[in-house]
Amino acid sequence: MALFKTLRGLLKVPKKELGLCMVVSEQEGAEIWVDGKPTPFHTPRMIAVPIREDVQIEVRMTGHQPHTAIVRAPQKLSYYYCNLERIPLRLVRDEIDNFASV
């Protein structure tokens with residue numbers, strides 16, 4: 001009788017081969033999102049990604065435009081670098097709502 005340590009072994013589901021992707025942004029401390037889901041990681045950080053599969057990586061930071069890319073890691077180690085564009089500040093003048101007065 002064979003013993004199976006995981007359900008994956010019992011069902012003979014092939015294990016995904018994972019590689020590492022170094023995610024770096026010019027602005028350190030940006031949030032890293034993978035496939036539309038937030039991760040607890042911030043740049044610069046090495047994350048695990050499946051090899052030879054498309055993965056959407058998004059880098060977000062307050063005050064900057066988010067940067068999204070589809071990454072396909074061809075080997076065990078890959079690298080993703082981006083420079084986030086700053087959202088220009090706009091000076092608002094003479095546009096105070098009259099209802100906001102005390």
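See the structure above.
Residues numbered from 1 in each chain as written. Predicted model: local features only at pLDDT ≥ 70, side-chain atom pairs only at ≥ 80, totals over all residues. Heavy atoms only, no water.

**Topic: the overall build of the chain**
Link 1 in the chain: Check the secondary structure of the chain and you find one helix and seven strands.
Link 2 in the chain: Expressed as a percentage of its 102 residues, the buried residues of the chain come to 26%.
Link 3 in the chain: A sequence separation of at least 24 residues applies to 47% of the contacts in the chain between residues at least 6 apart.
Link 4 in the chain: Counting only carbon and sulfur atoms, one obtains 57% of the accessible surface of the chain, whose full area is about 8,300 Å². (Helix = DSSP H or I, 4+ residues; strand = E, 2+ residues; numbered from the N terminus. Buried < 20%, exposed > 50% of the residue type's maximum accessible area, 1.4 Å probe, protein only. Contact = heavy atoms within 4.5 Å. Areas by Shrake-Rupley, 256 points an atom, 1.4 Å probe, with all protein chains shown as cover.)

**Considerations on the environment of M61**
Link 1 in the chain: Mapped onto the fold, M61 is located in the loop between β5 (54–60) and β6 (67–72).
Link 2 in the chain: The exposure class of M61 is partly exposed, given its relative accessible area of 25%.
Link 3 in the chain: In this structure, the C-alpha to C-alpha distance between M61 and G29, residues 32 residues apart in sequence, is 7.7 Å.
Link 4 in the chain: If sequence neighbours within four positions are ignored, M61 has contacts with Q27, E28, G29, A30 and L84.

**With respect to the nonpolar core**
The nonpolar side chains of a soluble globular protein tend to be buried, and buried together.
Link 1 in the chain: One finds C21, V23, I47, I57, V59 and Y80 to be the most contacted residues of the largest nonpolar core, which totals 16 residues.
Link 2 in the chain: Contributions of two or more residues to this core are made by β1 (18–25), β2 (31–34), β4 (45–50), β5, β6 and β7 (77–82).
Link 3 in the chain: It is β5 that provides the largest number of residues to this core, a total of three residues.
Link 4 in the chain: Those residues in contact with V59 that lie beyond four places of it in its chain are V23, S25, A30, E31, T43, P66, H67, Y80, C82 and L84. (Core = buried A, V, L, I, M, F, W, Y, C linked by side-chain atoms within 4.5 Å.)

**Observations regarding the sheet that holds β2**
Link 1 in the chain: On the basis of which strands lie adjacent, the open sheet formed by four strands has the order β3-β2-β5-β6 and antiparallel pairing. The open sheet terminates on both sides in strands that have one partner only, identified here as β3 (37–42) and β6. Across the sheet, the mean angle from the axis of one strand to that of its neighbour is 30°, orientation sign disregarded.
Link 2 in the chain: One ladder, built from three bridges, connects β2 with β3; its direction is antiparallel. When the bridges of β3 are listed, V34 appears paired with K37. (Pairing = 2+ DSSP bridges. Axes fitted to C-alpha atoms, helices over the stretch in contact; angles between N-to-C directions.)

**Comments concerning the pairing of β7**
Link 1 in the chain: Burial along β7 is one-sided: S78, Y80 and C82 are buried, and none of L77, Y79 and Y81, which face the opposite way, are.
Link 2 in the chain: Bridging between β1 and β7 involves six bridges; their strand directions are parallel. What sits directly across from M22, in β7, is Y79.

**Things to note about the packing of aromatic side chains**
Link 1 in the chain: All chains considered together, the criterion is met by zero aromatic pairs.
Link 2 in the chain: The ring of W33 carries R60 above its face, with NZ or CZ at 3.5 Å from the centroid. (Phe/Tyr/Trp six-rings, centres within 6.5 Å; stacked < 30°, edge-to-face > 60°. Lys NZ or Arg CZ within 6 Å of the ring centre and 35° of its normal.)

**Structural notes on unusual backbone geometry**
Link 1 in the chain: In this model, T43 is joined to P44 through a cis peptide bond whose omega is -10°.
Link 2 in the chain: Secondary-structure assignment places P44 in the loop between β3 and β4.
Link 3 in the chain: A positive phi angle is found at D35, which is not glycine, with a value near 50°.
Link 4 in the chain: Within the secondary structure layout, D35 lies in the loop between β2 and β3.
Link 5 in the chain: Its relative accessible area of 45% is what places D35 among the partly exposed residues.
Link 6 in the chain: Not every positive phi belongs to a glycine, and R52 is a case in point at roughly 60°.

Shape descriptors only; they carry no functional weight alone.
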